[in-house]
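If you want the building blocks of each chain, they are given just below.
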Amino acid sequence: AQKVTQAQTEISVVEKEDVTLDCVYETRDTTYYLFWYKQPPSGELVFLIRRNSFDEQNEISGRYSWNFQKSTSSFNFTITASQVVDSAVYFCALIFSGGYNKLIFGAGTRLAVHP
Amino acid sequence: KAGVTQTPRYLIKTRGQQVTLSCSPISGHRSVSWYQQTPGQGLQFLFEYFSETQRNKGNFPGRFSGRQFSNSRSEMNVSTLELGDSALYLCASSSEGSSNSPLHFGNGTRLTVT
């Protein structure tokens, strides 16, 4: 069975703080893909990053960085120097190869960044 | 390129009625997926279409159905609405529908069943 766990339901920080959103996944497949999406109040899910199971390199994009560790089945997301515009719900998701867009989503983490 | 467009944005229906939601994918995208989002169950996969064929289906009752047209536009239908069907319905498109392709989501249709 496949499962994605985001244990942090809500996180509240003050602007400029760094924040890490945790994601732990379960799958028996050897080939799979992990995603992070952001959902602002407007409702649409905004794609942030995709990582395949064979690529454990960490990635940095501006203030965003991702740490993928197969040994702990984790794919954590860090926002450096958070800003008010980062306030949203963030979802981690998993799909196995051949899954035809059937993403398994975590419950999401609501991030509130206060000025 | 225009993004994924979903219509209508809001719908209010009564129990027992049926409803049809529409989704226009990003130009050139041939795969369309539908998801239901509720506070209790979170984001759940409904089904996926590629070139007018349903390739994958989630664990939803037969009251939920969909189709895709030759221009890749998709519709989903919910018959005999129940209160529990109140949700945000999100449509997503991707270029090839492979697991590697990121999904691009629309703003959703918020359905309220009274």
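Reading the values: rules and limits
- Residues numbered from 1 in each chain as written.
- Chains lettered and ligands numbered in written order.
- Predicted model: local features only at pLDDT ≥ 70, side-chain atom pairs only at ≥ 80, totals over all residues.
- Heavy atoms only, no water.
- pLDDT = per-residue confidence, 0-100.
- Helix = DSSP H or I, 4+ residues; strand = E, 2+ residues; numbered from the N terminus.
- Contact = heavy atoms within 4.5 Å.
- Buried area = accessible area lost by both parts, 1.4 Å probe.
- Salt bridge = Lys/Arg side-chain N within 4 Å of Asp/Glu carboxyl O.
- Polar contact = N/O pair within 3.5 Å; in protein donor to acceptor, adjacent residues only side chain to side chain.
- Core = buried A, V, L, I, M, F, W, Y, C linked by side-chain atoms within 4.5 Å.
- Buried < 20%, exposed > 50% of the residue type's maximum accessible area, 1.4 Å probe, protein only.
- 1 Å grid on protein atoms, 1.4 Å probe; cavity = no way out; pocket = protein on both sides within 12 Å on 5 of 7 lines; lining within 4 Å.
- Points joined across faces, edges and corners; volume = space filled by probe spheres on them.
- Nonpolar A, V, L, I, M, F, W, Y, C, P; charged D, E, K, R; others polar.

Undergrad: Tell me about the confidence of the model for chain A, and please be specific about residues and values.
TA: Atomic detail in the predicted coordinates should be set aside for any region of low pLDDT. Residue-level pLDDT values for chain A average 93, and 100% of them are 70 or greater. The secondary-structure element of chain A with the lowest mean pLDDT is strand β7 (residues 59-61) of chain A, recorded at 86, while strand β3 (residues 19-21) of chain A shows the highest, at 98.

Undergrad: Provide a residue-level description of the interface of chain B and chain A, including the pertinent values.
TA: With 24 residues of chain B in contact, the opposing surface of chain A contributes 21 residues. Across the chain B to chain A interface the summed buried area is about 1900 Å²; carbon plus sulfur atoms make up 52%. Summed over the shared surface of chain B and chain A, the number is 0 salt bridges. The interface formed by chain B and chain A holds 7 residue pairs in polar contact (both at pLDDT 80 or more) in total. Going through the elements one at a time, β4 (31-38), β5 (42-50), β6 (53-57) and β9 (87-94) of chain B are the ones with two or more residues in the side of chain B that touches chain A.

Undergrad: Describe the nonpolar core, with residues and values.
TA: Trp36(A), Phe75(A), Phe77(A), Tyr90(A) and Leu111(A) are the most contacted members of the largest nonpolar core, which has 23 residues in total. Among the secondary structure elements, those contributing two or more residues to this core are β2 (10-14), β3, β5 (32-39), β8 (64-69), β9 (74-79), β10 (88-96) and β12 (109-114) of chain A. Top contributing element to this core by residue count: β10(A), with 4 residues. Setting aside its immediate chain neighbours within four residues, Phe75(A) contacts Cys23(A), Leu34(A), Phe35(A), Trp36(A), Ile49(A), Arg51(A), Trp66(A), Asn67(A), Phe68(A) and Cys92(A). Core analysis: the next-biggest nonpolar cluster, separate from the first, contains 21 residues, Leu11(B), Tyr49(B), Ala87(B) and Cys91(B) among them.

Undergrad: Can you explain the layout of surface pockets? Please cite residues and give values.
TA: In this structure, the largest pocket encloses a volume near 750 Å³. If you go around the largest pocket, you meet 36 residues; those closest to its centre are Gln39(A), Val89(A), Phe91(A), Arg110(A) and Gln37(B). Only β10 and β12 of chain A together with β4, β5, β9 and β11 (109-113) of chain B provide two or more residues apiece to the lining of the largest pocket. The residue inventory of the lining of the largest pocket, partitioned by class, reads 14 nonpolar, 18 polar and 4 charged. Its boundaries defined by the atoms lining it, the second largest pocket holds a volume of some 190 Å³. The element best represented in the lining of the second largest pocket is β5(B), accounting for 3 residues. In terms of residue class, the lining of the second largest pocket is made up of 6 nonpolar, 3 polar and 1 charged.

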